[in-house]
Amino acid sequence: MTTTATTARERMLRAKDAARAVGLLDDAEKSALLRAVADAIEADAAAIVAANADDLERGRATGLSEALQDRLRLDEPRVAALAAAVREVADLPDPVGRVLDERTLPGGIRLTKVSVPFGVVGSIYEARPNVTVDIASLALRSGNAVVLRGGSAAELTNAALVRAMRGALADRGVDPEAIQTVDDFGREGARELMQARGLIDVLVPRGSAQLIETVVTESTVPVIETGAGVVHIVLDETAPIEWARDIVVNAKVQRPSVCNSVETVLVHRGGADRLVPEVVRALQAEGVTVHGDAQVARLADGIVAADDSDWEREYLSLDVAMRVVDDLDDALAHIRRYSTHHTESIITNDDANAARFLAEVDSAVVMVNASTRFTDGGEFGFGAEVGISTQKLHARGPMGLAELTSTKWLARGAGHVRA
């Protein structure tokens, strides 16, 4: 199904109208609706993949980076994975109507604080068609409508996905205007989305640091900021060499184009002679270019000299920065200076160092002896994610259903008046 509204604002108005009905759907109705959405995505897989091939061809012709091409790409298995993620969201507990607090005032008025939908969730992102499905499914499961701006790189893919999902809503008797896209309005659609205070209740940007900064600075709509991922792994002097090697390779190589991929490895000087050569060899065997300081270059071959700019780079590619640090204090200072507060991990057998790292690192997710690739809504059991918030208000870390709800107080009296 296509949207025939003539302006971006009209589509947002329709989404706001549709949100009232979606917000009243009960648990079973929302679950059934999402299962229908998953079925529709699978049924339209061939058309979705064909549209994606056209987007990819255009992206290659216009110089779209390899990292963005990887995020853009949808094949049959990835489409099936999208549908599976929607079904996982359908099976999650309903986040709406949870009793968060209750009390009785001295005069007898009973107060209950409950979770409620935001209303209309907006999202601006680039070259990530999975976000189209993830955010729409999480929005519907939490009783919200959604307005999407997915960018020109994925315009045909996003249109095919939105068509399938809107069709599923219509078939279930739910207003399809609850899922909207403003892609065909281009940058003007994005601008209107950012300025739609009163129509859009919360806006979530996902993409490059530049995109996120633009949304944060230009929006009049409340924004949940999802930051870039300058992600660190610290190899303590007690790090088991197998853990260090396997975790760093997994965190860099499994999918380098995503925000939870490691970008900087900090190696404790006391373990550098043992750890650096082994970890570098393992990375290079997987095609990774290591940008290292002088100490790393002394311990391993094939190192590209790093400068200060490498410590703040989100490569999103088969590149990683590596530095030898004097001790844990030096590592923590480096992270404080360069981290985007996304995810950091330490590999160690020292319980005291692990405890310090967990306590002192101020990031959304802090890990011990685990790959940073686990920072993900699906891995955390959310089914999908809205994004990974690096801010501190309302939501932080991978955002799932609960982060797409607000609260309200219900007061029940019996003729009470205030003295």
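Residues numbered from 1 in each chain as written. Predicted model: local features only at pLDDT ≥ 70, side-chain atom pairs only at ≥ 80, totals over all residues. Heavy atoms only, no water.

**Topic: helix α3 (residues 45-61)**
(1) Moving on: Taking 1.5 Å as the rise per residue, α3 with 17 residues should run 24 Å; its terminal C-alpha atoms sit 24 Å apart, in good agreement.
(2) Moving on: Buried within α3 we find Ala45, Ile48, Ala51, Asn52, Asp55, Leu56 and Gly59. Around the axis of α3, the buried residues are gathered within 145 degrees of arc, so they sit on the same side. Facing away from the buried side of α3 by more than 90 degrees, the exposed set consists of Ala46, Glu57 and Ala61.
(3) Moving on: Lining the buried residues of α3 we find α2 (27-43), α4 (66-72), α5 (76-91), α6 (129-141) and α7 (155-171).
(4) Moving on: Taken from the residues just after α3, Gly63 is the one with a positive phi, measuring 85 degrees. (Helix = DSSP H or I, 4+ residues; strand = E, 2+ residues; numbered from the N terminus. Expected span 1.5 Å × (residues − 1). Buried < 20%, exposed > 50% of the residue type's maximum accessible area, 1.4 Å probe, protein only. Arc of directions from axis to C-beta. Contact = heavy atoms within 4.5 Å.)

**Some remarks on the pattern of salt bridges**
(1) Moving on: Per the counting criterion, the structure on display carries 27 salt bridges.
(2) Moving on: Here Lys30 ties to Asp94 by a salt bridge, and the two come within 2.9 Å at their closest N and O atoms. Remark: Asp94 occurs in the loop between α5 and β1 (99-104) and Lys30 occurs in helix α2; sequence separation between them is 64 residues.
(3) Moving on: Take Lys30: its relative accessible area is 1%, and that puts it in the buried class.
(4) Moving on: One salt-bridge network, held together by shared partners, links Glu10, Arg14, Arg166 and Glu177. (Salt bridge = Lys/Arg side-chain N within 4 Å of Asp/Glu carboxyl O.)

**Description of the packing of aromatic side chains**
By convention here, two paired aromatic rings are described through the distance between centres and the angle between planes.
(1) Moving on: Under the counting rule described, the total for this entry stands at 1 aromatic pair.
(2) Moving on: Plain terms: the ring middles of Phe380 and Phe382 are 6.1 Å apart, the flat faces sit at 80 degrees to each other, and that makes the pair edge-to-face.
(3) Moving on: Classification of Phe380 by relative accessible area gives partly exposed; the value is 37%. (Phe/Tyr/Trp six-rings, centres within 6.5 Å; stacked < 30°, edge-to-face > 60°.)

**Looking at unusual backbone geometry**
(1) Moving on: Of note in the backbone geometry, Ala127 takes a positive phi value of approximately 55 degrees without being a glycine.
(2) Moving on: Note on Ala127: relative accessible area 2%, which makes it buried.

**Description of the packing of helix α13 (residues 328-338) against helix α14 (residues 351-360)**
(1) Moving on: Where α13 meets α14, the closest approach of the two axes is 11 Å, and the angle between their N-to-C directions is 20 degrees. As summarised for this structure, α13 and α14 are arranged roughly parallel, according to the angle between their axes. Between α13 and α14 lies a crossing whose hand is right-handed. Counted together, Leu328, Asp329, Leu332 and Ile335 of α13 and Asn353, Arg356, Phe357 and Glu360 of α14 form the full contact between these two elements.
(2) Moving on: Residue composition of the contact of α13 with α14, by class: 4 nonpolar, 1 polar and 3 charged. (Axes fitted to C-alpha atoms, helices over the stretch in contact; angles between N-to-C directions. Parallel < 35°, antiparallel > 145°, perpendicular 65-115°, else oblique. Left-handed = near helix turned anticlockwise from the far one by under 90°. Nonpolar A, V, L, I, M, F, W, Y, C, P; charged D, E, K, R; others polar.)

**Remarks on the sheet that holds β1**
Across a sheet, paired strands are connected by hydrogen bonds in the backbone, their directions being either parallel or antiparallel.
(1) Moving on: The antiparallel open sheet is built from 3 strands, whose spatial order is β1-β2-β16. Both edges of this open sheet fall to β1 and β16 (405-412), since each of them pairs with a single strand only. Averaged over all adjacent pairs, the angle separating strand axes in this sheet is 20 degrees, with direction ignored.
(2) Moving on: In the sheet, strand β2 (residues 110-117) pairs with β16 via 8 bridges, with the strands oriented antiparallel. By the bridge assignment, Leu111 is partnered in β16 with Ala411. (Pairing = 2+ DSSP bridges.)

**Thoughts on the domain arrangement of the protein chain**
(1) Moving on: The domains assigned to the protein chain are domain 1 (8-226 + 399-410) and domain 2 (232-379).
(2) Moving on: Buried area between domain 1 and domain 2, both sides added, is near 450 Å², and the carbon and sulfur share of it is 37%.
(3) Moving on: It is Ala67, Asp70 and Arg71 that lose the most area in domain 1 upon contact with domain 2, and together they represent 77% of the buried surface on that side.
(4) Moving on: Across the domain 1-domain 2 interface, the total number found is 1 salt bridge. (Domains from an automatic or database assignment. Buried area = accessible area lost by both parts, 1.4 Å probe.)

**A word on the packing of α2 against α7**
(1) Moving on: Packing of α2 against α7 leaves a shortest axis separation of 8 Å and a crossing angle of 135 degrees. In terms of their interaxial angle, α2 and α7 are classed as oblique. Like other packed secondary-structure pairs, α2 and α7 cross with a definite hand, here right-handed. Between α2 and α7, the contacting residues are Leu33, Ala36, Val37, Ala40 and Ile41 on the first element and Ala164, Met165, Ala168 and Leu169 on the second.
(2) Moving on: Across the contact of α2 with α7, the residue classes break down as 9 nonpolar, no polar and no charged.

**Things to note about the sheet that holds strand β11 (residues 319-325)**
(1) Moving on: Read from one edge of the open sheet, 7 strands run β10-β9-β11-β8-β7-β12-β13, paired in parallel fashion. One side of each edge strand has no neighbouring strand; the edge strands of this open sheet are β10 (304-305) and β13 (365-368).
(2) Moving on: Here strand β9 (residues 289-292) pairs with β10 via 2 bridges, running parallel. Along β10, the bridge assignment pairs His291 with Val304.

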